[in-house]
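Next come the chains, spelled out residue by residue.
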Amino acid sequence: MKCAVILAGGKGTRMKSESPKVMCEVLFEPMLGYVIRAVKSAGCENLCVVTGYRHDTVEEYLKSESNIETAYQNPQLGTGHAVMTARNFIEKHKKDEILILNGDGPLMDAETINKAYDYHVKNGNSITLVSAIVDDTEGIGHIKRDENGTLLRIVEHKDANEEEKKIRESNAGTYWFRGEDLLFALSKITNNNAQHEYYLTDCLAILIESGKNAGAYVCEDSEVILGANDRKQLSDLNTIMRRKINEKHMKNGVDIPCADGVMIGMDVEIGAGTTILPNTIIIGNTVIGENCTVGPNGFVKNSVVGSGVTLDNVKLTDSTVEDNADCGPFVQIRAGSRIRKGVHIGDFVEIKNSDIGEGTKCAHLTYIGDSDVGRNVNFGCGTVTVNYDGKSKHRCKIGDGAFIGCNTNLIAPVEIGENAFTAAGSTITEDVPANALSIARQRQTNKKDWVLKKERRESGD
């Protein structure tokens, strides 16, 4: 069985953030979330997250996850010490293979984890570390081998001599351990180093000296080992993650003709033939169908979009847009809304917590909130459903085929019957029967020569 320990206790001083480092976000999601997803996707059934700085923040985030324990590291005395705080978890899983990795490495993926695991098991290793060949050796853990390529130990950059600092094989901070051998190695670690900390990397030399098998899986994609210690590196991770996700969708038939400003979350699903235009953000648990156009300047979060939909300059959150709907430009569709098939929503329209029936048209400058709208309804320009009385929200119901004239105010709760009309400029406070015309406005009065009389009064004549 596979299980994992994720190290997530760091403060991240150089981030200059009040949040723990692992809670800093890549594409609007904490780095820790990506690591948990990768570990679970790799088949690790049980996890332990080692917390430290602002541990309550991390623990609150983890409440939505299943099969995750936590261990609290205080004070923080190095990576080896962090793993020691998870000893109870390790004891329970000492017969298992245990993955240890950092919570601030969002690019580490299930494929790399599993390839390293296969290498680990095939070679009967007590410890297998993941490494990569890198160009920038500043700050890395250097993998030291003998002249035959046999692993010797890991040298932290701050403890390395000038020759060791030239070694380009970098430790990824990701390890597979045989559980019992991990417990043995932890019992032997000391803090005899420049920082007086307990290094998890010392486990390699300890196990080798004890005659145990050790190996390093050199990953094919060196980017998976990258983490972030400051905002510049965090920005780099965003750039890489954005590129990887966009490329995945393009391989699946999504058209992104210009990736400027296009940010797509890890969990988003997009159908083939859909086009994503510049400055569009799609995040959360969002599913978009085939042959849609989203953007430019779109924002979609936690929503379901059918096929053949156009979202032009649309902000869409926690809602559903069905097939062949046409929305925009400059439309906001707020939580709890359902835009049904073939609906047209034009410029400067806001929909909130409403069900808009098939074929309905709402061309421009209209607010529909807390309403149930039937099929083939027409909303004139400037219509408002007045859903709030200062204390409570109320709903409007509008029947199939109704025609709502320009600048109509529907004072909820009110019901407009099927095929009913409201005259332009009306304020509707009572239900309108089916097939009726409702006129709710004051009769027009023209005062002859009113302007001339006003001017004479002002001049004193």
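Coordinates for the structure precede this section.
These lines cover the structure that appears in this document, whether it is placed above or below. In this text, all values refer to a predicted model and were calculated from it rather than measured experimentally.

With respect to the sheet that holds strand β16 (residues 287-288)
Strand pairing within a sheet occurs via backbone hydrogen bonds; the two strands may be parallel or antiparallel.
Piece 1. Spatially, β13-β16-β19-β22-β25-β27-β29-β32-β35 is the arrangement adopted by the 9 strands of the open sheet, whose pairing is parallel. Of all the strands in the sheet, just β13 (269-270) and β35 (414-416) have a single pairing partner and so form its edges.
Piece 2. Pairing of strand β27 (residues 355-356) with strand β29 (residues 371-373), which is carried by 2 bridges, proceeds in the parallel orientation. Across the sheet, I356 pairs through a bridge with V373, a residue of β29.

Focus: the pattern of salt bridges
Piece 1. In the structure shown here, the tally under the stated rule is 29 salt bridges.
Piece 2. The shortest N-O distance in the salt bridge between R340 and D355 comes to 2.8 Å. You can see R340 sitting in the loop between β25 (338-339) and β26 (344-352) and its partner D355 sitting in strand β27, a full 15 residues away along the chain.
Piece 3. Between D372 and R395 there is a salt bridge; the shortest N-O distance is 3.0 Å. In this pair, D372 sits in strand β29 while R395 sits in the loop between β31 (384-386) and β32 (396-398), placing the two residues 23 residues apart along the sequence.
Piece 4. The exposure class assigned to D372 is partly exposed, which follows from its relative accessible area of 33%.
Piece 5. Several salt bridges converge on common partners, so that one network encompasses D221, E223, R243, K244 and E247.

Looking at helix α7 (residues 202-209)
Piece 1. C203, L204, I206 and L207 are the residues of α7 that are buried.
Piece 2. Buried positions along α7 lie against β7 (127-133), β9 (151-156), β10 (169-178), α6 (179-188) and β11 (214-218).
Piece 3. Directly beyond the C-terminal end of α7, a positive phi value near 85 degrees is found at G211.

What counts and what doesn't
- Residues numbered from 1 in each chain as written.
- Predicted model: local features only at pLDDT ≥ 70, side-chain atom pairs only at ≥ 80, totals over all residues.
- Heavy atoms only, no water.
- Pairing = 2+ DSSP bridges.
- Helix = DSSP H or I, 4+ residues; strand = E, 2+ residues; numbered from the N terminus.
- Salt bridge = Lys/Arg side-chain N within 4 Å of Asp/Glu carboxyl O.
- Buried < 20%, exposed > 50% of the residue type's maximum accessible area, 1.4 Å probe, protein only.
- Contact = heavy atoms within 4.5 Å.

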